[in-house]
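Coordinates in review
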There are 2 protein chains.
Amino acid sequence: MGNQKLYKGSLQTIILKLLESNDKMYGYEITQKVKELTKGELKITEGALYPALHKLEADGLLDVEVAKVGNRLRKYYKLTESGSKETANKLAEMQEFLKTMQHLVNPKFSLE
Amino acid sequence: MGNQKLYKGSLQTIILKLLESNDKMYGYEITQKVKELTKGELKITEGALYPALHKLEADGLLDVEVAKVGNRLRKYYKLTESGSKETANKLAEMQEFLKTMQHLVNPKFSLE
DNA sequence: TGTGATGCATTAGAAAATTATGTATACATT
DNA sequence: AATGTATACATAATTTTCTAATGCATCACA
């Protein structure tokens, strides 16, 4: 919702995590999955998604496989081997970050 | 560390939270406090900090009080009334975001 | 037949950082 | 005396990463 800007920088990690859980996905599917998983809180725009996918592919973290469904085009993405490794790294990084932020802003613990 | 880019978008919230906990602080003090609280994981650069402080001030969320310590200048910032309200909002937003991300990157261990 | 959903993509622009640089004081070490 | 590190402010150029807008095309369905 209002916190849409907070997710800056975590899109790649989100994509990688989804592909780790789902083997292969296509772009539109990713946007819908994120919307569903976050109950509409996070909306991935196409202007962010497609460049991100292209970059991950260019970096060798994703493989593409084009499929035709009816007369419609789909590009299925899946993790390469090095993509799997990078996913583990990025997820660890994210966990660390979440822990740090949790600690920073948690109202229960005042910051001295 | 490597997750330095993940914090994009949360600097304002961090500043506001620190000022909520500490009544008044000056810029350099904020950078040191964040470094200390996060054990060096998060480093606020001046190029990000000062523009952020100026914006918060311009938006009426912070008041400034200039102090001279020895021959050195310090600008102490503290929350205005509307700053306190906004802090509450931003902290709630952040909690929500952290929960969402936690759920996204580790659906197995949801927080709820 | 036109509207919303599906599916790809790019472009212009904004937001929010990093990096580099600048000024100046203070203190400790060589 | 000179050098480096810490303290303390600040800005400018650049980069990263998004949003918003737009475009093309297929498909379902009312």
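Residues numbered from 1 in each chain as written. Chains lettered and ligands numbered in written order. Predicted model: local features only at pLDDT ≥ 70, side-chain atom pairs only at ≥ 80, totals over all residues. Heavy atoms only, no water.

Digging into the overall build of chain A
How we decide: Per the convention used, a helix needs a DSSP run of H or I reaching at least four residues, while a strand needs a run of E reaching at least two, with both numbered from the N terminus. Per-residue accessibility, obtained with a 1.4 Å probe over protein chains only, is compared with the maximum for each type, and a residue is labelled buried under 20%, exposed over 50%, and partly exposed between these values. By definition in these notes, contact holds between two residues if any of their heavy atoms fall within 4.5 Å.
In terms of helices and strands, chain A carries four helices and three strands. Tracing chain A from N to C terminus, the helices and strands come up as α-β-α-α-β-β-α. Each principal axis of the C-alpha atoms in chain A carries an extent, and together these give about 60 × 30 × 20 Å. The proportion of buried residues among the 112 residues of chain A is 42%. Across chain A, contacts joining residues at least 24 apart in sequence account for 49% of those joining residues at least 6 apart.

Points about the protein's contact with DNA strand D
The cut-off we apply is this: Here a residue is near a molecule or strand as soon as one of its heavy atoms is found within 4 Å of it. Under the rule applied, a polar contact is a pair of N or O atoms within 3.5 Å (in protein, one hydrogen donor and one hydrogen acceptor; residues adjacent in sequence only if both atoms are side-chain atoms).
Neighbouring residues of DNA strand D: 27 residues in total, closest T45(A), N71(A), Y26(B), Y28(B) and K75(B). Here DNA strand D approaches the protein such that, of its atoms within 4 Å, sugar and phosphate make up 74%. The side chain of T45(A) places a nitrogen or oxygen atom 2.5 Å from a phosphate oxygen of DNA strand D. Separating a sugar or linking oxygen of DNA strand D from a backbone N or O atom of L73(B) is a distance of 3.5 Å. Breaking the surface near DNA strand D down by element, the ones donating at least two residues are α3 (46–58) of chain A together with α2 (27–37), α3 (46–58) and β3 (72–79) of chain B. The leading source of residues in the surface near DNA strand D is α3(B), at five residues.

So, the interface of chain A and chain B
Heads up, the rule is: Note on definitions: buried area is the accessible-area loss of two parts on being combined, 1.4 Å probe, summed for both. Criterion for a salt bridge: a side-chain nitrogen of Lys or Arg within 4 Å of a carboxyl oxygen of Asp or Glu. For this classification, Asp, Glu, Lys and Arg are treated as charged, while Ala, Val, Leu, Ile, Met, Phe, Trp, Tyr, Cys and Pro are nonpolar and the rest, including Gly, are polar.
Listed per partner, the contact involves 33 residues of chain A and 34 residues of chain B. Counting each side, the surface lost to burial between chain A and chain B is near 3400 Å², with a carbon and sulfur contribution of 65%. Summed over the shared surface of chain A and chain B, the number is two salt bridges. Across the salt bridge formed by E93(B) and K5(A), the nearest N and O atoms sit 3.7 Å from each other. At the boundary of chain A and chain B, one finds one residue pair in polar contact (both at pLDDT 80 or more). Contributing elements (two or more residues each) for the side of chain A that touches chain B: α1 (11–22) and α4 (81–105) of chain A. Element by element, the count of residues in the side of chain A that touches chain B is highest for α4(A), at 14 residues. A class-by-class count of the residues in the side of chain A that touches chain B yields 15 nonpolar, ten polar and eight charged.

A short note on helix α1 (residues 11–22) of chain B
Worth spelling out the cut-off: An expected span of 1.5 Å times one less than the residue number is assigned to each helix.
When the terminal C-alpha atoms of α1(B) are compared, their 16 Å separation across twelve residues agrees well with the 16 Å that a helix rising 1.5 Å per residue should span. All of the buried residues in α1(B) are L11(B), T13(B), I14(B), I15(B), L16(B), K17(B), L18(B) and L19(B).

Topic: the nonpolar core
Filter applied, for reference: Buried Ala, Val, Leu, Ile, Met, Phe, Trp, Tyr and Cys residues form a nonpolar core when they are joined through side-chain atoms within 4.5 Å.
In this structure, I15(A), M101(A), I15(B) and M101(B) are the most contacted members of the largest nonpolar core, which totals 57 residues. Those residues in contact with I15(A) that lie beyond four places of it in its chain are I30(A), L49(A), A52(A), L53(A) and L56(A).

Quick word on the protein's contact with DNA strand C
Around DNA strand C there are 24 residues in total, and Y26(A), Y28(A), R74(A), K75(A) and T45(B) lie nearest to it. Counting only atoms of DNA strand C within 4 Å of the protein, the sugar-phosphate share comes to 75%. In this structure, a phosphate oxygen belonging to DNA strand C sits 2.6 Å away from a side-chain N or O atom of R74(A). When residues of the surface near DNA strand C are traced back to their parent elements, those giving at least two are α2 (27–37), α3 and β3 (72–79) of chain A together with α3 of chain B. Of the residues belonging to the surface near DNA strand C, the class tally is seven nonpolar, nine polar and eight charged.

Remarks on a nonpolar patch on the surface
Spelled out, the test is: Only residues whose relative accessible area exceeds 30% and that form no salt bridge enter a patch; like-charged residues are grouped when within 9 Å of one another, and nonpolar side chains (Val, Leu, Ile, Met, Phe, Trp, Tyr) when within 5 Å. Where accessible areas are quoted, they stem from the Shrake-Rupley method and a 1.4 Å probe; at the residue level, only the protein chains shown are allowed to cover.
Taken together, the side chains of V64(B), V66(B) and L73(B) present a nonpolar region at the surface, about 260 Å² in accessible area. Inspection of the secondary structure assignment puts V64(B) in strand β2 (residues 62–69).

Observations concerning the confidence of the model for chain A
Defined as follows: Note: pLDDT gives the predictor's confidence per residue, expressed from 0 to 100.
Of all residues in chain A, 93% attain a pLDDT of 70 or more, and the chain-wide mean is 93. Strand β1 (residues 24–26) of chain A holds the highest mean pLDDT among the elements of chain A, 98, whereas α4(A) holds the lowest, 95.

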